[in-house]
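Topology and contacts: notes
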There are 4 protein chains.
Amino acid sequence: MAGSKFSYVRNFELPDPLLPDTYIVFRLDGHSFHRFSDVHGFVKPNDKRALELMDQAALKLMEEYRDIVLAFGESDEYSFLLRRSASLYNRRETKIVTTLTSFFTSSYVFMWHKYFPDTPLQYPPSFDGRIVLYPREQHIRDYFSWRQADTHINNLYNTVFWALVQQGGLTTTDAHGTLRGTVSKQKHEILFTRFQINYNEVDERYRKGSVIVREEVRPTSSRASIDAVTGENAEESTVPDRLQPKKKKSKDKAPTQMTLLHCDIIKDDFWIARPEILAG
Amino acid sequence: MAGSKFSYVRNFELPDPLLPDTYIVFRLDGHSFHRFSDVHGFVKPNDKRALELMDQAALKLMEEYRDIVLAFGESDEYSFLLRRSASLYNRRETKIVTTLTSFFTSSYVFMWHKYFPDTPLQYPPSFDGRIVLYPREQHIRDYFSWRQADTHINNLYNTVFWALVQQGGLTTTDAHGTLRGTVSKQKHEILFTRFQINYNEVDERYRKGSVIVREEVRPTSSRASIDAVTGENAEESTVPDRLQPKKKKSKDKAPTQMTLLHCDIIKDDFWIARPEILAG
Amino acid sequence: MAGSKFSYVRNFELPDPLLPDTYIVFRLDGHSFHRFSDVHGFVKPNDKRALELMDQAALKLMEEYRDIVLAFGESDEYSFLLRRSASLYNRRETKIVTTLTSFFTSSYVFMWHKYFPDTPLQYPPSFDGRIVLYPREQHIRDYFSWRQADTHINNLYNTVFWALVQQGGLTTTDAHGTLRGTVSKQKHEILFTRFQINYNEVDERYRKGSVIVREEVRPTSSRASIDAVTGENAEESTVPDRLQPKKKKSKDKAPTQMTLLHCDIIKDDFWIARPEILAG
Amino acid sequence: MAGSKFSYVRNFELPDPLLPDTYIVFRLDGHSFHRFSDVHGFVKPNDKRALELMDQAALKLMEEYRDIVLAFGESDEYSFLLRRSASLYNRRETKIVTTLTSFFTSSYVFMWHKYFPDTPLQYPPSFDGRIVLYPREQHIRDYFSWRQADTHINNLYNTVFWALVQQGGLTTTDAHGTLRGTVSKQKHEILFTRFQINYNEVDERYRKGSVIVREEVRPTSSRASIDAVTGENAEESTVPDRLQPKKKKSKDKAPTQMTLLHCDIIKDDFWIARPEILAG
């Protein structure tokens, strides 16, 4: 073959299998999204359209990759948990991390116009991705607690900060100055006394971030009431896992659907109600 | 801090620096592009729009990442050479490979409508990416020779195959049967005697693939004549490296521009004329 | 400094930390020990002196490295379990695996003359080492079961094989032929009917391999009866963990001692009695 | 098979091939040799017996592993260069680094009594090992320059330091104080004016370290004169590479021998005279 004398260069591709039977967390972060959000006029402190677009891209990814059993998103980042028994791409790290990053990015751009019909994309946004392995259930609990605690801290700060700027008329410098050194309780007070905002009544989407769970579809969905409790409109947020003919393997697996929630995942309740997430 | 008791989970992120002073080849491949090209009606054996879109996404990537000094594309794959001294993201492998994959993907979807104005994207396409390190100049020469030899082999086969099907009226099964066991010379003969096609007159874009070089912009461009020779329309294919204000570092570097070629990169001429590609 | 212009070469040393909070199994294997055992006249099927030397080198290693909580040896191999919380050498893989391999090798050669007083070492023996990470308790149970099952299979085979050769007068070729295709039960029968050997009465050292556990030293050793049950002579096999003044860290840790056993580690009993092994 | 249900644990052993066609440097360092040299009464600043033992262990290693083409040793460390085309153990990193570390350690203990006939080994010494990859010739030149520059700096310091203590009667604290902030020239002066020692006449072994080269054995050794120049006693230092019957592969390779030198390897001369070292 003509190319055979060159094909030795393939030997420089080294294997990179992930440790078996270990939880795989895949996290995406927006690349230079500070600039991206400015250029595209994102509303502060939270742009609902932008967050919904992130959620929809995450849902698309979970539709496509059944090994993902849980996702959590806030701002311009999203974390995905793959079952510890996942054998996707023979657990080749780079193959997994690049394919998932690419598909998420593609979905984000593909669906942009639905969420920003009046704001054309100015340039192609990008994300970086990473994979972190966790050996034990507790690590996964703590990983997702870490992200949700981060959401809380950031959102509280941003909510007060932008209230000071947008309603209080402060410069951004002065707003940062006002908040320097304040603890959580003081931020709540500023919000309430100056702006009559009870932080606990702020939309859970912003306070809790986005949680997507994959659940088996049961004849009569016993989850409906729970969805109602979380204030989620099931029609919009539930994306059925279409049985696509190209995927033969999934034929004999139980059909699943994804549900988008904005609930606490730090306390035990969420996990006790869904033992299958950490089961393997 | 609220999240501090969970933040130990960050320690599970392990470092992955690439070996210093080693050539970095980054290659992208379309994920399930056989299906993607069918769904979007790509012309066989080569869809010029699809190839141009790939080229433009590659050019965008090179505009954004100055460490890329050479690229080669064919079909749904693209290879990029980063200077061996590149310090992009401190040479963190996953950061580099995911960010570049994401940006290329994003550009591809972002510019789709320009190349397929009458063919709406049906679903988000994706790519996988990988990084391969090469220690020596000869490996890089051989790597790119390997890809261009592959282009030649595939394109010759596909050109005869689709001539047999589209002009010869054969079924795809019969066309494969006709070609089984044939060597290069026989394929040339079938093309010429049955279809009056001189393979050497087929568009170089298809026979050679796409080559993108980064070159310093000189007061009077001495490359203009060479571009003319390669039959490239400079207005379309040359994308100036805009000096973007956000990038302070590049301010003091000489401005560069990318040139798209469809030329031989197996023989020495290409490399002798461009010693800077392998210089470091 | 004179060497400073060269010291950039240090940057090529890449980090290799092991995943945190994961069990570390370190396994050593004799390098070309078939030849080594021939040259030094090891008794077949089992040379007690050689096995005891392996055990003593393993004990030395455990004395030196407190993170090792369990070891299992058979023939010319030894496996060591490090606590999953071990922070030895900041969990740098190569540092750990080379240092432990070196120290074991050194101890083996250092103590050779005690176990082979009449057989001078002809040339320096060597071992290879490897580290395997396991995320969960069950993996560790299964890893050690795998090694002990291997001990059983090899020892039964070797016991019958050498009885056929040494007592039955067969050539080694004929002995292999006789055993080809036989199952465990048939091997037991050959041993019993031809050589009046009840395999279950063969020394447990050979049938079970060597197990070394690290245990806290308690005022009155409650383990004495158990040791008696396992037929172990505590005076010989227990090596006290000397409180070496150079090791400041271990000062405030409870003193431990190692106990050598030849007992079953596949069933639950061993592990139920020693929950601290897998505790962390 | 009895062990089959456990054997899945083997899948946790991950591949670790080294990048092909890249220089492999293997470096050993004594573990806690400060204490080891005290306990065994090493002469200060340099113990010739200890250095010769290191050299002999290095020579043994090179006899055993033909892929090693160059070695450099100083104090309790030794570096070995493996040809960039080496395929030893399929370039599996851990296999190579542990086997070489083990064999060196074993040789060191095995030959101890020859160099320290009156000093019994008190406890087993150990070494750590590491592998560093270098893509280019210049890196190898700089790596070995780095080590030899280090030898020079350390030996000059130690020579003055111990002269101050042993001949000058200073405490070690005072000796360190005297040397603090001095440059090379000042150290030379202290040596010469206070102790009548011309540093340039100190044994090259101490000033240059140990260099071992592998050379093909030619009918009439043209290297004899060069060896004489380096002041090396060929009878003692040259260890013929015995053609061992067990190694079939090496049968058709030219026989080689190792030569121990104490010469400059920073300047070009050494390398110009031995182009085969970096040839591949």
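Residues numbered from 1 in each chain as written. Chains lettered and ligands numbered in written order. Predicted model: local features only at pLDDT ≥ 70, side-chain atom pairs only at ≥ 80, totals over all residues. Heavy atoms only, no water.

Taken together, the contacts link 54 residues of chain A with 54 residues of chain B. The junction of chain A with chain B conceals about 4400 Å² of combined surface from both sides, 67% of it contributed by carbon and sulfur atoms. Contact with chain B buries surface across chain A, with Phe6, Pro124 and Trp146 of chain A losing the most and accounting together for 14% of the total. Viewed at the interface, chain B and chain A are joined by six salt bridges. We note a salt bridge from Arg27 of chain B to Glu13 of chain A, for which the minimum N-O separation is 3.2 Å. For the interface between chain A and chain B, the tally reads 20 residue pairs in polar contact (both at pLDDT 80 or more). (Contact = heavy atoms within 4.5 Å. Buried area = accessible area lost by both parts, 1.4 Å probe. Salt bridge = Lys/Arg side-chain N within 4 Å of Asp/Glu carboxyl O. Polar contact = N/O pair within 3.5 Å; in protein donor to acceptor, adjacent residues only side chain to side chain.)

Overlaying chain A on chain B yields an RMSD of 0.0 Å, the required transformation being a rotation through 180° with an accompanying axial translation of 0.0 Å. Overall, the copies show the geometry of a two-fold rotation axis. Taken as a fraction of all interface residues of chain A, those also at the interface in chain B reach 100%, which identifies the copy contact as same-surface. (Least-squares fit on C-alpha atoms with pLDDT ≥ 70 in both.)

Within the element layout of this structure, Pro125 of chain C appears in the loop between helix H3 (93-115) and strand S4 (127-134). Residue classification places Pro125 of chain C among the buried residues on the basis of a relative accessible area of 2%. For the pair Pro125 of chain C and His31 of chain C, spaced 94 residues apart in sequence, the C-alpha separation works out to 7.2 Å. Filtering out sequence-adjacent residues up to four positions away, Pro125 of chain C remains in contact with Phe33, Phe36, Thr105, Tyr108 and Val109 of chain C together with Ser106 of chain D. (Helix = DSSP H or I, 4+ residues; strand = E, 2+ residues; numbered from the N terminus. Buried < 20%, exposed > 50% of the residue type's maximum accessible area, 1.4 Å probe, protein only.)

Moving on to the packing of aromatic side chains. Residues and elements named next belong to chain C. Under the criterion given, the structure shown has 112 aromatic pairs over all chains. Note on Phe42 and Phe116: the rings are 5.4 Å apart at their centroids and 15° apart in plane angle, and the pair reads as stacked. Of this pair, Phe42 sits in the loop between helix H1 (33-39) and helix H2 (48-64) while Phe116 sits in the loop between H3 and S4, and the two are 74 residues apart along the sequence. With respect to burial, Phe42 and Phe116 carry one shared label: buried. (Phe/Tyr/Trp six-rings, centres within 6.5 Å; stacked < 30°, edge-to-face > 60°.)

So, about the pattern of salt bridges. One pass over the full model with this rule turns up 79 salt bridges over all chains. Residue Glu137 of chain D pairs with Arg136 of chain B through a salt bridge whose shortest N-O separation is 2.6 Å. One end of the pair, Glu137 of chain D, is in helix H4 (residues 137-167); the other, Arg136 of chain B, is in the loop between strand S4 (127-134) and helix H4 (137-167), on a second chain. By relative accessible area, which is 28% here, Glu137 of chain D ends up partly exposed. Exposure remark for Arg136 of chain B: the relative accessible area of 15% places this residue in the buried category. As a salt-bridge pair, Arg205 of chain C and Asp55 of chain C come within 2.7 Å of each other at their nearest N and O atoms.

On to the pairing of strand S2 (residues 68-74) of chain B. Side-chain positions along a regular strand alternate between the two faces of the sheet. All names here are of chain B. Counted residue by residue, S2 has seven buried out of seven residues, so it is predominantly covered. Where S2 lies against strand S3 (residues 77-82), six bridges are found, and the strand directions are antiparallel. If you follow Ile68 over to S3, its bridge partner there is Leu82. Here S2 hands over to S3 after two residues, with Ser75 in that stretch at a positive phi of 50°. With four bridges joining them, S2 and strand S5 (residues 210-216) adopt antiparallel strand pairing. (Pairing = 2+ DSSP bridges.)

As a further point, take the interface of chain D and chain B. Listed as interface residues are 11 residues of chain D and, on the opposing side, 11 residues of chain B. Note on chain D versus chain B: buried area summed over both sides is about 840 Å², and carbon and sulfur give 46% of it. For chain D, the biggest contributors to the area lost against chain B are Leu19, Pro135 and Arg136 of chain D; these three give 61% of the whole. Along the contact surface separating chain D from chain B lie two salt bridges. Tallied by class, the residues present in the side of chain D that touches chain B amount to five nonpolar, two polar and four charged. (Nonpolar A, V, L, I, M, F, W, Y, C, P; charged D, E, K, R; others polar.)

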